[in-house]
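# Notes for the structure review
Listed here are the chains, written in short residue letters.
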Amino acid sequence: MNSRRDFLQKLGVSAVALQLGTVHVWANDKNASHQPYDGKVLRVAIMGLGGYGTRVAGAMQYCTKAKLVGAISGTPKKLTDWQDSFNIPAKNCYNYQTYHEIKNNPDIDAVYITTPNGLHHDMALAVAKAGKHVICEKPMALNAKQGQAMVDACNAAGVKLLVGYRMHFEPHTLEIIRMRKAGEFGKILFFQGLCGFEIGDPTQWRLNKELAGGGSLMDIGIYAINGSRYMTGEEPIWVTAQETKTDPVKFKEGVDETIQFQFGFPSGATASCLSTYSQNNLDKFYLNGQKGWAEMQPSTGYGPIKGRTFKGELDQPVTTHQTVQMDAFADILFNGAQPPVPVDGNEAVKDLKIIDAIYLAVKTGKKVDLNLS
Ligand code: NAD
């Protein structure tokens, strides 16, 4: 156990989560028990063995309903390392030239795409064509048009498309959503989402327009976009946005450093959000209603997530988000489970439509109307 613990800690899996053990809960069920699972196990190959792919691989070692069984990489050494580290058979390893052959592999159910954003669309289409379920990281694509094409391709191929919205299974988040649905905050009036970190290496793909699709908004601002939707329970009907740039050398044309954006919702509620690559530890959600409020800080990082409301501190369990997400994905794909907040391609297309609208609002300086229904 200790060597596995050391190994997973090296991979960056939360030390707190390791101490507590993985908690397999979706919702506010403090009494959730670890029932033995004898259903169908979701067998996953990860494509793109970088930082996040490795984190998912580590977290999946604790899954009960999903199993890491394959890997796709352009680097042969990474494939042999993963075979050793995660006990992956060589026959389930592919590179970017051969992965279409996965269609002939009956031992893989789904491919989890954890490559740079600009590659998601083409890879998802290829995975769908190979007849495997697609799990894709956020942002699902570079824009709504690409995202819709991914949804259509998966529908046409008869495979499912799920997106790594790990916060949709996070217990503090779900408790606030439960309270909001129960009317405990009264009429929702306002949401604030602050998301940012200071980005390092100027040569990384996150600062390359072609691979990233933009800048901080694509990468971290998307949490405030998605969060504003699941926290208020509404879809925005208009967007305004303003960009500021302090370092035009590092943040080139089309790569945003900081964007502030505002949403209006059908009820009259509004949201005010900040997305930045120039402030560390910016990770806070605040929801205000006529009768009460909720606050989360950190709100979307790997955890431990902390939250409080006008009624006091939340004491939901600390989870390893990726472990819970992958077990939940097995339930969705094989057992027809309905997630508390959608995690499918249509959900991601809504975020991408909002991203398109924010960039348009920045460019034109005008309010942009949205229709997401
Ligand atoms: P990363 O740079 O650490 O890993 C990307 C991987 O893709 C690397 O292994 C790289 O070799 C590979 N790759 C394949 N083709 C490439 C190409 N043409 N150029 C560059 N790399 C190429 O990045 P990451 O942090 O793992 O992010 C990958 C994806 O995961 C992104 O879409 C990102 O938004 C998402 N992500 C999600 C979360 C989350 O919490 N849900 C966290 C981090 C990253």
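The shown structure was predicted, so the numbers you read here are calculated from the model rather than taken from an experiment.

Once that is clear, we can look at the overall build of the chain. Along the backbone of the chain there are 11 helices and 15 strands. The C-alpha radius of gyration of the chain comes to 20 Å, within 12% of the 21 Å expected for a compact globule of 373 residues. The principal-axis extent of the C-alpha atoms belonging to the chain is close to 55 × 50 × 40 Å. Looking at the chain as a whole, 54% of its 373 residues qualify as buried. The long-range share in the chain, meaning contacts at least 24 apart out of those at least 6 apart in sequence, stands at 70%. The distance from the centre of the 39 positive side-chain charges to the centre of the 36 negative ones in the chain is 2 Å.

Between two aromatic rings, the relevant description is the distance of the centres plus the angle of the planes. Across all of its chains, the model carries 12 aromatic pairs by this definition. Their ring planes at 75 degrees and their centres at 5.0 Å tell us that F191 and F285 sit as a pair that is edge-to-face. Taken as a pair, F191 in strand β7 (residues 188–196) and F285 in strand β11 (residues 282–289) lie far apart in primary sequence, 94 residues in all. Accessibility classification places F191 together with F285 in one group, the buried group.

Moving on to the site of the ligand. The environment of the ligand is formed by 24 residues, the closest being G51, Y52, N117, K138 and R166. Side-chain polar atom of H120 to an oxygen atom of the ligand: 3.2 Å apart, as the coordinates give it. Between the ligand and W205, the relevant distance is 2.8 Å, taken from an oxygen atom to a side-chain nitrogen or oxygen of the residue. In the complex, the protein chains occlude 77% of the 840 Å² of accessible area that the ligand would expose alone. The residue makeup of the shell around the ligand, split by class, is 10 nonpolar, eight polar and six charged.

The figure often quoted for interface size is the accessible area lost as the parts come together. Partitioning the chain into structural domains gives domain 1 (4–166) and domain 2 (172–315 + 345–369). Computed from C-alpha atoms alone, the centre-to-centre distance between domain 1 and domain 2 is 25 Å. Facing 25 residues of domain 1, the contacting portion of domain 2 comprises 27 residues. Of the roughly 2,200 Å² buried at the junction of domain 1 and domain 2 (both faces included), carbon and sulfur atoms supply 61%. Where domain 1 packs against domain 2, one counts one salt bridge. With a shortest N-O distance of 3.5 Å, K138 and D219 are connected by a salt bridge. Here domain 1 is connected to domain 2 by 10 residue pairs in polar contact (both at pLDDT 80 or more). Secondary-structure elements contributing two or more residues to the side of domain 1 that touches domain 2 are α3 (51–60), α5 (117–129), α6 (144–157) and β6 (161–163). The dominant element in the side of domain 1 that touches domain 2, judged by the number of residues it contributes, is α6, at four residues. Its residues placed into classes, the side of domain 1 that touches domain 2 shows 15 nonpolar, six polar and four charged.

The next thing to look at is helix α4 (residues 76–86). Within α4 the residues assigned to the buried category are L79, W82 and F86. The arc that holds every buried residue of α4, seen down its axis, measures 65 degrees, which confines them to one face. Exposed residues lying more than 90 degrees from the buried face of α4 are P76, K77 and D84. Once α4 finishes, N87 follows within two positions and takes phi at roughly 60 degrees, a positive value.

Among the seven residues in strand β9 (residues 258–264), six count as buried, and that is most of the element. Across seven bridges, the pairing between strand β8 (residues 238–244) and β9 is antiparallel. The residue bridging W238 from the neighbouring strand is G264, located in β9. Relative to strand β10 (residues 270–276), β9 is paired through seven bridges, and the arrangement is antiparallel. Opposite Q260, over in β10, you have L274 as the bridge partner. Here β9 hands over to β10 after five residues, with G268 in that stretch at a positive phi of 105 degrees.

The next subject is the pattern of salt bridges. In total, this model carries 17 salt bridges according to the counting rule given. Residues R178 and E184 are paired through a salt bridge, measuring 3.4 Å at the closest nitrogen-oxygen approach. For E235, the salt bridge goes to K350, with nearest N and O atoms at 3.4 Å. Linking E235 in the loop between α9 (216–232) and β8 with K350 in helix α11 (residues 345–364), this pair joins segments that are 115 residues apart in sequence. Relative accessible area serves as the criterion here: at 26%, E235 is assigned to the partly exposed category. A relative accessible area of 24% places K350 in the partly exposed class. Through salt bridges with shared partners, one network takes in R229, E235, E347, K350 and D351.

Basis of the calculations
Residues numbered from 1 in each chain as written. Predicted model: local features only at pLDDT ≥ 70, side-chain atom pairs only at ≥ 80, totals over all residues. Heavy atoms only, no water. Helix = DSSP H or I, 4+ residues; strand = E, 2+ residues; numbered from the N terminus. Rg over C-alpha atoms; globule rule 2.2 N^0.38 Å. Buried < 20%, exposed > 50% of the residue type's maximum accessible area, 1.4 Å probe, protein only. Contact = heavy atoms within 4.5 Å. Lys, Arg positive; Asp, Glu negative; His and termini not counted. Charge placed at Lys NZ, Arg CZ, Asp CG, Glu CD. Phe/Tyr/Trp six-rings, centres within 6.5 Å; stacked < 30°, edge-to-face > 60°. Near = heavy atom within 4 Å. Polar contact = N/O pair within 3.5 Å; in protein donor to acceptor, adjacent residues only side chain to side chain. Areas by Shrake-Rupley, 256 points an atom, 1.4 Å probe, with all protein chains shown as cover. Nonpolar A, V, L, I, M, F, W, Y, C, P; charged D, E, K, R; others polar. Domains from an automatic or database assignment. Buried area = accessible area lost by both parts, 1.4 Å probe. Salt bridge = Lys/Arg side-chain N within 4 Å of Asp/Glu carboxyl O. Arc of directions from axis to C-beta. Pairing = 2+ DSSP bridges.

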